[in-house]
Amino acid sequence: MTNQHYGQFCGLARAAEIVGQRWTLLILRDLSVGQQRYSDLVAGLPGIPTNTLATRLKELEDEGVVARVAPTGTERAVVYRLTPRGEELTPALDALSRWGAGGMRTPREGETVTTASITAALRVAAGDAVVPADWDTRYSVRVGPVEAHVVMRDGRITVGPGPAEDPDLIIAAGPQIRDVLAGERDPDTAVATGVVQLEGDAALFGRFAERLRVPYSENLPAGA
């Protein structure tokens with residue numbers, strides 16, 4: 001149990017007690033992308049002390065938000081996953097991610113992109129967008145050494161970690177791809193200037209940039 005109590009019979013206070021500890025939201029973000037081994041969480045959360053990770057996972061287990069799954073078959077390691085109660089947090093995590101992204105421009109010194117962070121970012125960018133039912137398009141998105149996939153099929157967009165199977169288009173870019181998805185940089189210009197590199201059917205990049213959108217906030221303090 002967390003030792004942070006607000007002394008109020010309030011849903012927001014109770015939620016803050018559970019998810020407001022340092023690193024907890026990022027642990028939940030990573031698990032919202034898919035179940036993870038302890039070593040996967042350590043690798044995907046650079047800088048987290050291992051004792052802190054162990055403590056946070058135990059707290060989330062105690063609250064019924066995270067569950068441990070015993071190894072089966074050839075798998076030898078315990079994996080962690082969100083429970084149904086934990087999955088209820090995904091819309092809130094996405095809403096916070098969208099709000100935070102509105103104040104982002106370029107990475108600060110030392111900031112990295114992880115598989116979970118780019119997958120969650122693309123999931124937020126896709127939102128609840130709909131696509132024509134006859135589309136069947138698979139994208140792999142590489143940002144530095146990490147990769148996620150976006151599939152437009154059956155009228156909806158799904159996002160997940162790792163490369164797409166037999167992708168129609170591979171998109172390689174740095175964090176500047178955010179400028180394209182925010183509408184601050186034209187897709188054709190991004191390709192022409194080398195901000196984005198494409199492999200496959202380049203005509204599909206415009207469809208990607210049109211359907212996936214990230215917020216852009218003009219209401220930032222000077223110097224942000």
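For the structure, see preceding data.
All of these numbers come straight from a predicted model, not from anything done at the bench.

Visitor: Go over the overall build of the chain with me, naming the residues and quoting the values.
Guide: For the chain, the helix and strand inventory stands at 10 helices and 8 strands. Over its C-alpha atoms the chain spans a radius of gyration of 19 Å, differing by no more than 12% from the 17 Å that the globule rule assigns to 224 residues. Counting only residues that meet the buried cut, the chain has 41% of its 224 residues in that class. Intrachain contacts of the chain at a sequence separation of at least 6 include 61% that bridge at least 24 residues. Approximately 12,700 Å² of the chain is accessible, and the part contributed by carbon and sulfur atoms is 52%. Treating the 23 positive side-chain charges of the chain as one cloud and the 29 negative ones as another, the clouds have centres 5 Å apart.

Visitor: Got a sec to walk through helix H2 (residues 24-33)? Specific residues and values, please.
Guide: Of all the 10 residues making up H2, 8 are buried; the element is thus mostly covered by neighbouring parts of the structure. Taken residue by residue, H2 has Thr24, Ile27, Leu28, Arg29, Asp30, Leu31, Ser32 and Val33 as its buried positions.

Visitor: Describe helix H1 (residues 11-19), and please don't skip the residues or the numbers.
Guide: Buried within H1 are the following residues: Ala13, Glu17, Ile18 and Val19. In the core, the buried residues of H1 are packed alongside H2, helix H4 (50-62) and helix H5 (84-87).

Visitor: Account for the pairing of strand S7 (residues 169-173), naming residues and giving values.
Guide: For S7, the tally of buried residues reaches 4 of 5 residues, placing the bulk of the element in the interior. Here 5 bridges tie strand S4 (residues 136-143) to S7, and the two strands are oriented parallel to one another. Each residue of the ladder has a partner; that of Tyr139, found in S7, is Leu169. In the sheet, S7 pairs with strand S8 (residues 196-200) via 5 bridges, with the strands oriented antiparallel. When the sheet's bridge partners are listed, Ile171 is paired in S8 with Leu198.

Visitor: Explain the nonpolar core residue by residue, including any values.
Guide: In terms of nonpolar packing, the biggest core is built from 30 residues, with Leu122, Tyr139, Val150, Ile171, Phe208 and Leu212 touching the most fellow members. Among the elements of the structure, helix H7 (115-126), S4, strand S5 (146-153), S7, helix H8 (177-181) and helix H10 (204-211) are those that each provide at least two residues to this core. Setting aside residues no more than four positions away along its own chain, Ile171 makes contact with Tyr139, Ser140, Val141, Arg142, Ile177, Val196, Gln197, Leu198, Phe205 and Phe208. Ranked by size, the runner-up nonpolar core spans 17 residues in total, among them Ile18, Leu41, Leu60 and Tyr80.

Visitor: Describe unusual backbone geometry, and please don't skip the residues or the numbers.
Guide: The backbone of Asp154 shows a phi angle near 55°, a positive value even though the residue is not glycine. Note that Asp154 resides in the loop between S5 and strand S6 (156-161). By relative accessible area, Asp154 is classed as exposed at 61%. The phi angle at Asp166 is positive, at roughly 50°, despite the residue not being glycine. One can find Asp166 in the loop between S6 and S7. A residue is classified by how much of its surface remains accessible, and Asp166, at 59% relative accessible area, is exposed.

Visitor: Summarise the packing of aromatic side chains; cite the residues concerned and give the values.
Guide: Counted according to the given criterion, the structure contains 2 aromatic pairs. Seen from their ring centres, Tyr139 and Phe208 are 5.1 Å apart, and the 55° between their planes marks the pair as tilted. Placement of Tyr139 in strand S4 and of Phe208 in helix H10 is noted, with a sequence separation of 69 residues between them. Comparing Tyr139 with Phe208, the two get one shared label, buried. With centroids separated by 6.2 Å and ring planes inclined at 20°, the aromatic side chains of Phe205 and Phe208 adopt a geometry described as stacked. Remark: Phe208 and Phe205 occur in helix H10; sequence separation between them is 3 residues, near one turn of the helix. The exposure class of Phe208 is buried, given its relative accessible area of 0%. Among the aromatic residues, those joined into a cluster by ring pairs are Tyr139, Phe205 and Phe208. Geometry around Trp135 places Arg207 over its ring, the cationic atom sitting 3.7 Å from the centre.

Cut-offs applied
- Counting of residues starts from 1 at the beginning of each chain's written sequence and follows it residue by residue.
- Per-residue local features of the predicted model are confined to residues with pLDDT of at least 70, and side-chain atom pairs are confined, for both listing and counting, to 80 or more; whole-chain, interface and lining totals are unaffected and use all residues.
- Excluding hydrogens and water, the side-chain values take into account all heavy atoms of the structure.
- Labels follow the DSSP assignment, with helices taken as runs of H or I lasting at least four residues and strands as runs of E lasting at least two, numbered in each case from the N terminus.
- Put simply, the radius of gyration uses C-alpha atoms, and a globule should come to 2.2 Å times the residue count raised to 0.38.
- Three exposure classes are used, based on accessible area relative to the maximum for each residue type with a 1.4 Å probe and protein chains only: buried under 20%, partly exposed in between, and exposed over 50%.
- Only heavy atoms enter the contact rule, under which two residues are in contact if any of them lie within 4.5 Å.
- Every accessible area reported is derived by Shrake-Rupley at a probe size of 1.4 Å, with residue values counting cover from the shown protein chains alone.
- The charge count treats Lys and Arg as positive and Asp and Glu as negative. His and the chain ends do not count.
- Where a charge lies is defined by one atom per residue type, namely NZ (Lys), CZ (Arg), CG (Asp) and CD (Glu).
- Two strands pair under a simple rule: DSSP has to find at least two bridges between them.
- Residue types Ala, Val, Leu, Ile, Met, Phe, Trp, Tyr and Cys, when buried and joined through side-chain atoms within 4.5 Å, form a set referred to as a nonpolar core.
- Pairing of aromatic side chains requires ring centres within 6.5 Å, counting the rings of Phe and Tyr and the six-membered ring of Trp. Pairs whose planes differ by under 30 degrees are stacked, by over 60 edge-to-face, and all others tilted.
- Comment: the charge-over-ring label is applied if NZ (Lys) or CZ (Arg) is within 6 Å of the ring centre and within 35 degrees of the ring normal.

The values reported here are purely geometric and, on their own, carry no functional implication.
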